[in-house]
Amino acid sequence: MVLPIAYMAPKEWYKAYLIAPEEVEIEGLESFEKQTCRNRAIIGKGIMLSVPVKKVEHKQLTRDIEISYQSHWQHQHWISLVSTYKNTPFFDYYEEFFKPFYEKEYRFLWDLNSEIHETIMALLNNERPGLGESRFAYRCTADWGGEELNRFFGEGKSILDDLFEYGPATTDHWK
């Protein structure tokens, strides 16, 4: 199965990924399309977070998309995460794993999303996350346009809603 890279992906994305993670490849050789889960996440009660990207050239590959730091988006995202999740049962336990993503500047969206994904997977498996080499492979398949993503993942909220609420029992809650 091939999935598009996603910023704090929806739980539907993780449900698809967890069917057989060893068989999943994350798409990186597609043409980047704005306003999709590649650089957007919905948290809490419909709060939209968007990672700003530098000007995208026509048919630019997703793996080559650079993050823009002209705005203070990292601070804004972190404040939104804290205000949305501070009263959830597992935020205090997981805060230390997510805060570094909003303190470090990443050049590429791919790198940010990959490291967030690896952290989420470790927490879902009740492991301590370590930021190592990404196992994601670039693959060229069908283009995941905005409409196709919405049909596949719906308007799904980020996995963080469930992760901060249910902790390591997140996937058990889905059954």
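*Asks:* Help me understand the pattern of salt bridges in this model?
*Replies:* Pairing between side chains of opposite charge can happen when their charged atoms approach one another. Applying the stated criterion to the full structure yields seven salt bridges. Its salt-bridge partner being Glu 66, residue Arg 107 comes within 3.3 Å of it at the nearest N-O pair. Taken together, the positions of Arg 107 in the loop between α3 (91-98) and α4 (109-124) and Glu 66 in the loop between β4 (47-50) and α2 (73-85) put the pair 41 residues apart, joining distant regions of the chain. The class of Arg 107 is exposed, set by a relative accessible area of 53%. Note on Glu 66: relative accessible area 23%, which makes it partly exposed. Across the pair Glu 115 and Lys 104 runs a salt bridge, and its minimum N-O distance is 3.9 Å.

*Asks:* When you look at the packing of aromatic side chains in this model, what are you seeing that I'm missing?
*Replies:* What describes a pair of aromatic rings is the distance from one ring centre to the other and the angle between the planes of the rings. Going through the model one piece at a time under the given rule, you end up with 14 aromatic pairs. Between Tyr 14 and Tyr 17 the ring centres are 6.5 Å apart and the planes differ by 65°, which places this aromatic pair in the edge-to-face class. Taken as a pair, Tyr 14 and Tyr 17 lie in helix α1 (residues 11-18) at a separation of three residues, close to a single helical turn. Neither Tyr 14 nor Tyr 17 differs from the other in exposure class; each is buried. Chaining the aromatic ring pairs together yields one cluster made of Tyr 69, Trp 73, Trp 78, Tyr 85, Phe 90, Phe 91, Tyr 93, Tyr 94, Phe 98, Phe 101, Tyr 102 and Phe 164.

*Asks:* For this particular structure, what's the right way to read the pairing of β4?
*Replies:* It is a general feature of regular strands that their side chains alternate between the two faces of the sheet. Alignment of strand β3 (residues 40-43) against β4, held across four bridges, turns out to be antiparallel. Within β4, the residue paired with Ile 42 across the bridge is Met 48. With antiparallel pairing between neighbouring strands as the criterion, β3 and β4 make up a hairpin whose turn holds three residues, including Gly 44 at a positive phi of roughly 55°.

*Asks:* I'm lost on α2 in this one. Help?
*Replies:* Counting along an α-helix, one turn takes 3.6 residues, and residues three or four places apart therefore face a common direction. The end-to-end C-alpha distance of α2, which contains 13 residues, comes to 18 Å, matching closely the 18 Å that a straight helix rising 1.5 Å per residue would cover. Residues Trp 73, Gln 74, His 77, Trp 78, Ser 80, Leu 81 and Tyr 85 constitute the buried set of α2. With its buried residues spanning 160° around the axis, α2 presents them on a single face. Residues of α2 that are buried make contact with β3, β4, α3, α4 and α6 (159-166).

*Asks:* I'm lost on the packing of α1 against α4 in this one. Help?
*Replies:* Pairs of packed helices are described in terms of their axes, by the angle between the two and the distance that separates them. α4 packs onto α1 with a crossing angle of 70° between their chain directions and a minimal axis gap of 13 Å. In terms of orientation, α1 lies roughly perpendicular with respect to α4. Together, Trp 13, Tyr 14, Tyr 17 and Leu 18 of α1 and His 117, Ile 120, Met 121 and Leu 124 of α4 make up the contact between the two elements. The residue inventory of the contact of α1 with α4, partitioned by class, reads seven nonpolar, one polar and no charged.

*Asks:* Mind showing me how you'd approach the packing of α3 against α4 here?
*Replies:* Relative to each other, α3 and α4 sit at 150°, their axes nearing to 11 Å. With respect to each other, α3 and α4 are oriented roughly antiparallel. In the packing of α3 onto α4, the handedness of the crossing is right-handed. Residues Tyr 94, Phe 97 and Phe 98 of α3 pack against Thr 119, Ile 120 and Leu 123 of α4.

*Asks:* Can you walk me through α6 in this structure?
*Replies:* For α6, a buried count of six out of eight residues is recorded, marking the element as mostly surrounded by other parts of the structure. Taken as a whole, α6 has its buried residues at Ile 159, Leu 160, Asp 161, Asp 162, Leu 163 and Phe 164. In this structure, the buried side of α6 is in contact with α1, β3, α2, α3, α4 and α7 (170-173). A positive backbone phi angle near 60° is found at Gly 167, which sits one or two residues after α6.

Definitions and limits used
- Residues numbered from 1 in each chain as written.
- Predicted model: local features only at pLDDT ≥ 70, side-chain atom pairs only at ≥ 80, totals over all residues.
- Heavy atoms only, no water.
- Salt bridge = Lys/Arg side-chain N within 4 Å of Asp/Glu carboxyl O.
- Helix = DSSP H or I, 4+ residues; strand = E, 2+ residues; numbered from the N terminus.
- Buried < 20%, exposed > 50% of the residue type's maximum accessible area, 1.4 Å probe, protein only.
- Phe/Tyr/Trp six-rings, centres within 6.5 Å; stacked < 30°, edge-to-face > 60°.
- Pairing = 2+ DSSP bridges.
- Expected span 1.5 Å × (residues − 1).
- Arc of directions from axis to C-beta.
- Contact = heavy atoms within 4.5 Å.
- Axes fitted to C-alpha atoms, helices over the stretch in contact; angles between N-to-C directions.
- Parallel < 35°, antiparallel > 145°, perpendicular 65-115°, else oblique.
- Nonpolar A, V, L, I, M, F, W, Y, C, P; charged D, E, K, R; others polar.
- Left-handed = near helix turned anticlockwise from the far one by under 90°.

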